[in-house]
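# Overview (structure and organization)
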Amino acid sequence: MIKKPFFGLGKPKLKYSVIEKQGLDSIKEIPLPDNVTLFLRDADIKKDDLVSKVGDKVKTGQKLMLIKESKAYLISTVTGTITAISDYTDYLDKIYPTISIDVAQENQQDDEFNKTGKTPTAENALEFLNCLPGNPDFTSLLNIDRPLNTIIINGMDKDLLITTNQIVVKTESENLKKGVEILKKITGISRIIIIVPPNLTFHAVGIDAEVKEAGSFYPDTSPQIVLKKILGIIVPQGEKCEDMGVGFINAEAVAALAKAYDHGKLPLNKLLTVIKKDSSTVNVRARIGTPVKDILSALNIEINHGDRLVFGGPMTGHAVYSGETPALSDTDAIMVQDKGRIVLNSDTQCINCGECIRACPVNIPVNMLIRLLENGLYEEAVDDYDLLSCIECGLCSYVCTARIPVFHYIMFGKHEFTRIKGAEESNA
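First, a word on scope: everything that follows refers to the structure included in this document.

Thresholds, definitions, all that
- Residues numbered from 1 in each chain as written.
- Predicted model: local features only at pLDDT ≥ 70, side-chain atom pairs only at ≥ 80, totals over all residues.
- Heavy atoms only, no water.
- Buried < 20%, exposed > 50% of the residue type's maximum accessible area, 1.4 Å probe, protein only.
- Helix = DSSP H or I, 4+ residues; strand = E, 2+ residues; numbered from the N terminus.
- Salt bridge = Lys/Arg side-chain N within 4 Å of Asp/Glu carboxyl O.
- Core = buried A, V, L, I, M, F, W, Y, C linked by side-chain atoms within 4.5 Å.
- Contact = heavy atoms within 4.5 Å.
- Pairing = 2+ DSSP bridges.
- Axes fitted to C-alpha atoms, helices over the stretch in contact; angles between N-to-C directions.

## Considering helix H4 (residues 164-171)
Most of H4 sits inside the fold, with 6 of its 8 residues counted as buried. Of all the residues in H4, the buried ones are Thr 164, Asn 165, Gln 166, Ile 167, Val 168 and Val 169.

This is the structure:
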């Protein structure tokens, strides 16, 4: 039960960016770097468990089976030599093994996918396609214990200023059309919905999917909001959209499906939006694993001491602490903030102004929730004030008068609650 001490009507009206004239000719190609770094995103795996070793030669598109008796894998995005294997700890304390590869001058294409993955099936999707640009989650889409009945294609991006998926809808409609056909074959799901902004509806007409217009105001493209507004489904606290029978996939990943089967090799270049210090944007295409410093250098964007690098958009992005951090298959945007324009957070206590409650799209009593999270009362935050109902839009932090990092408290609170429950289940 949601407990609301008071209620306000005012909500911020933040409009999504909508592309107008951008096309393929406006996308800047980033040169191949000298070195790429790839992440294996599994918090339970350490570098000492890996099968691949420093000095191993790899080919472009090669599937790297990294761990004994595990289905976890990476796709090498370049030809070269593995030069380092290390652990990377993200901002929520999850540990990922990373593999660095020095790029060879001569490219050699691995042909395993072309030999065994010519026919679109669930099996070869799981075997080869989880690392495609756009980061499709076929493990979730093909979960036999929780079968889906609907797949929604995001033709919009989840954060402000980002136009990655819109660019795909506008410039790759033929690939999207083929990709939808392949997606239906792989999943066996016939109901496919694509959400697009009103100005791109025409580009989606030829696709064998239901075309729905996305809302204009943030966070209308959040999966939970989409389910409520388009399908009339409310996702209960603690459950996911997949529990309701609905899966999501980005337009970029669907277009990448078509390219993979058309050319017999896996596409390895990521489309992303770079948000400059003055908030202007440019769309670029870079090899997955390219260090962010190389992307910014190609755009003549200088980073000075005190500037901030953010992966993602202004509402939900997270800071990275090194220019060596790579752009990966799920990196839709890189934002650069000038040190003079950064609004710093504060350790001030909540002043109970109610702005966060007015802004919250799911009516969580954020002012009460934050008190529990600040004191490490994560289970109470779930039970009493609906922590798990949060859709992670970041509006609470955006409007907070006291400049409390509410969004980060919520993200950390969810992480800690999951960790506590996992430990309890293991002990039981």
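## Things to note about the pattern of salt bridges
Evaluated as defined, the whole model comprises 20 salt bridges. The salt bridge involving Glu 29 is made with Arg 285; its shortest N-O contact spans 2.9 Å. Pair noted here: Glu 29 is in strand S1 (residues 28-29) and Arg 285 is in strand S13 (residues 281-287), with a separation of 256 residues, a long-range link. Since its relative accessible area comes to 47%, Glu 29 is described here as partly exposed. Relative accessible area serves as the criterion here: at 15%, Arg 285 is assigned to the buried category. Among the salt bridges present, the one from Lys 277 reaches Asp 307, with a minimum N-O distance of 2.8 Å.

## Focus: the nonpolar core
The nonpolar side chains of soluble globular proteins are, as a tendency, buried together. Judged by nonpolar contacts, the single largest core of 43 residues is most densely connected at Leu 129, Phe 138, Leu 176, Ile 186 and Leu 257. When residues of this core are traced back to their parent elements, those giving at least two are strand S5 (73-75), helix H2 (122-128), helix H3 (138-141), strand S8 (150-154), H4, helix H5 (173-187), strand S9 (191-196) and helix H7 (251-263). Beyond its immediate sequence surroundings of up to four residues, Ile 186 is in contact with Pro 120, Thr 121, Ala 122, Ala 125, Leu 129, Phe 138, Leu 142, Leu 257 and Tyr 261. In this structure, Ala 381, Leu 387, Val 406 and Phe 417 belong to the second largest nonpolar core, which totals 22 residues.

## Some details on the sheet that holds S9
Sheet architecture is open: 4 strands sit in the order S10-S9-S8-S11, paired in parallel fashion. Bordering the open sheet on either side are strand S10 (210-213) and strand S11 (246-250), each of which pairs with just one other strand. Averaged over all neighbouring strand pairs, the angle between strand axes comes to 25°, with direction disregarded. In this sheet, S11 lies alongside S8 in parallel orientation, the contact comprising 5 bridges. Residue pairing for S11: Thr 150 is matched across the bridge by Val 246. Each of S8, S9 and S11 is contacted by H5, which is oriented at about 145° to S9, the strand it contacts most. This element, H7, spans S8 and S11 of the sheet and lies at about 75° to S11.

Bear in mind that shape data such as this cannot, by itself, settle questions of function.
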